[in-house]
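Take a look at the letters that make up each chain.
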Amino acid sequence: MAPSPSSSSLAEKFLFPLVSISFISLILFLSTSSYSTSSLLFSHPSPPPFLLRGPSHPPSFAFLLSGHKSDSTRLIRLLLAIYHPRNRYLLYLSADASEKERVRLLETVKRVLPVSRAFGNVDVVGKPSAGTHMGASGLAGTLGAAAALLRLDKNWDWFVTLSAADYPLVTQDDLIHVFSSVPRGLNFIDHTSDLGWKEAQRVQPIIVDAGVYLAGRSQFFQASEKRATPDAFTFFTGSPWVILSREFIEYCTLGYENLPRTLLLYFTNVLLSQEGYFHSVICNSNYRNSTVNTDLRYKVWDDPPRMEPQFLNHTDFDAMLKSGIPFARQFREDEGVLDWIDWRVLGKWRNRAGPGAWCTGSGRWWRDPCNQWGNVNVVRPGEQGRRFKELMDRVLEEWSKGESSCQVQ
């Protein structure tokens, strides 16, 4: 096995101008060529000295915001709703989006979020390799994004994946406040080893994701034969939307143990591999005791459930807030309830960042209070923060009993 490359080389492969990476090189953690790197938005200034990080300070998050063709407007709205100077953000438009849309995304971020220039904490991925979410190319994109975020900033605490169809139900002050009392090695990932119907329809089929091997391809092919469910490790499955600790992300991307590489080889040919890779790695490793069995997303499912949850609307508003859950999915573009969340939960105008204790500008309607900022190391939680804290206390109490995490059924 060739030596593992640094997180830096993986990240440089991923940022604009993007050099197409084959999934095989990601699997083997090889670096066989050099890449030029430039930020699409900023020159990556060092974090301001008044931004304090570390165990004795409030946590920070690295967000991967992903979307498809025509999703740039939704990604901007999501970015504004979850922006905080302490965090890191990587925006990802899939290969079906045009170059014009990517440029428009860049220009919009510069215009609507000038504070991000000072903190240098927003980046946009250039043209990614083609692929399909049904295959392994989606997993390759997530791992590449995680490596890029490690390269850009090693001081964040949790890696959070969100799609353009997601939206927050708490402010960033609420989120940071609640996670301040959470052990920073914990991983929030919905998982189960009870495969049920998925064993025959997801685990045993063998697929080939053309985007892994051939540039510009977005199809996948399924073999006529199936393979047996593996017995060398326990297969876990669950939600692809995760909140993972920096330590575990380093474990998956830096390759200092064989398990992540071995399972990555296996999941190359698994249908919807993002619904099983992180789950199986964490529950078959020494990180199993750090696993909290929830993805912290509010969802409503059909009965029987389909591949995606129902679209949420005004009728779900009260239940969403009472749940105390910090994120919800999925929403249609310009769904009216998003305006309710903006105004009644986040306290923001639609085209502005969600205000927090860090915003010190005038609150008059024609001025954005977050165009001026003060102490970014303090937070001011609100009512939803209280509900989220109550939920988190219950979740951690259940986790401490060790009865729901990585249980083999």
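Everything that follows concerns the structure shown earlier in this document.
A short tour of the structure in this document, coming up. Worth saying up front: this structure is predicted, and the values here are computed from it rather than measured.

Quick word on the overall build of the protein chain
Next, step 1: Within the protein chain one finds 15 helices and 12 strands.
Next, step 2: Long-range pairs, those at least 24 residues apart, make up 77% of the contacts in the protein chain between residues at least 6 apart in sequence.
Next, step 3: Working note: accessible area of the protein chain is about 17,400 Å², and carbon and sulfur atoms make up 51% of it.

With respect to the packing of aromatic side chains
Next, step 1: Going through the model one piece at a time under the given rule, you end up with 25 aromatic pairs.
Next, step 2: Where F179 meets F188, the ring centres are 5.5 Å apart and the plane angle is 75 degrees; that geometry is what we call edge-to-face.
Next, step 3: Taking relative accessible area as the criterion, F179 reaches 0% and is therefore assigned buried.
Next, step 4: Residue classification places F188 among the buried positions, given a relative accessible area of 0%.
Next, step 5: When the ring of F248 is compared with that of Y287, the centres are 5.4 Å apart and the planes differ by 65 degrees; the resulting orientation is edge-to-face. Taken as a pair, F248 in helix α10 (residues 246-254) and Y287 in the loop between α12 (277-283) and β10 (291-292) lie far apart in primary sequence, 39 residues in all.
Next, step 6: Residue Y287 is classed as buried on the basis of its relative accessible area of 13%.
Next, step 7: Among the aromatic side chains, those forming a connected cluster through ring pairs are F233, F235, F248, Y251, Y256, Y266, F267, Y277, F278 and Y287.
Next, step 8: Sitting over the ring of Y266, R227 keeps its end group 3.9 Å from the ring centre.

Concerning the pattern of salt bridges
Next, step 1: This structure, assessed with the given rule, holds 18 salt bridges.
Next, step 2: Across the salt bridge formed by E383 and R387, the nearest N and O atoms sit 4.0 Å from each other. Placement of both E383 and R387 in helix α15 (residues 383-400) is noted, with a separation of four residues, approximately one turn of the helix.
Next, step 3: The exposure class assigned to R387 is partly exposed, which follows from its relative accessible area of 25%.
Next, step 4: Of the charged contacts in the structure, one is a salt bridge between D393 and K389, with a shortest N-O distance of 2.9 Å. Residue D393 and its partner K389 are both found in helix α15; the two are separated by four residues, about one turn of the helix.
Next, step 5: One connected set of salt bridges, linked through shared partners, spans R77, D339, D342 and K348.

Considerations on the state of the cysteines
Next, step 1: Following the criterion strictly, the structure yields two disulfides and no others.
Next, step 2: Between the sulfur atoms of C359 and its disulfide partner C370 the distance amounts to 2.1 Å. A torsion of 85 degrees about the S-S bond marks the disulfide between C359 and C370 as right-handed. Of this pair, C359 sits in the loop between α14 (336-346) and α15 while C370 sits in the loop between α14 and α15; the two residues are 11 residues apart in sequence, bridging distant segments of the chain. C370 matches C359 in its accessibility class, with the two residues each being buried.

Description of the sheet that holds strand β5 (residues 166-168)
Think of a sheet as strands paired side by side through backbone hydrogen bonds, with each pair either parallel or antiparallel.
Next, step 1: Read from one edge to the other, the open sheet built from three strands follows the order β5-β12-β11, with strand pairing classed as mixed. Only two strands of the sheet have a single partner each, and these edge strands are β5 and β11 (297-298).
Next, step 2: Strand direction decides the pairing type here: β11 and strand β12 (residues 327-329), joined by two bridges, are parallel. Bridge pairing in β12 links R297 to F327.

Calculation notes
Residues numbered from 1 in each chain as written. Predicted model: local features only at pLDDT ≥ 70, side-chain atom pairs only at ≥ 80, totals over all residues. Heavy atoms only, no water. Helix = DSSP H or I, 4+ residues; strand = E, 2+ residues; numbered from the N terminus. Contact = heavy atoms within 4.5 Å. Areas by Shrake-Rupley, 256 points an atom, 1.4 Å probe, with all protein chains shown as cover. Phe/Tyr/Trp six-rings, centres within 6.5 Å; stacked < 30°, edge-to-face > 60°. Buried < 20%, exposed > 50% of the residue type's maximum accessible area, 1.4 Å probe, protein only. Lys NZ or Arg CZ within 6 Å of the ring centre and 35° of its normal. Salt bridge = Lys/Arg side-chain N within 4 Å of Asp/Glu carboxyl O. Disulfide = S-S within 2.5 Å. Pairing = 2+ DSSP bridges.

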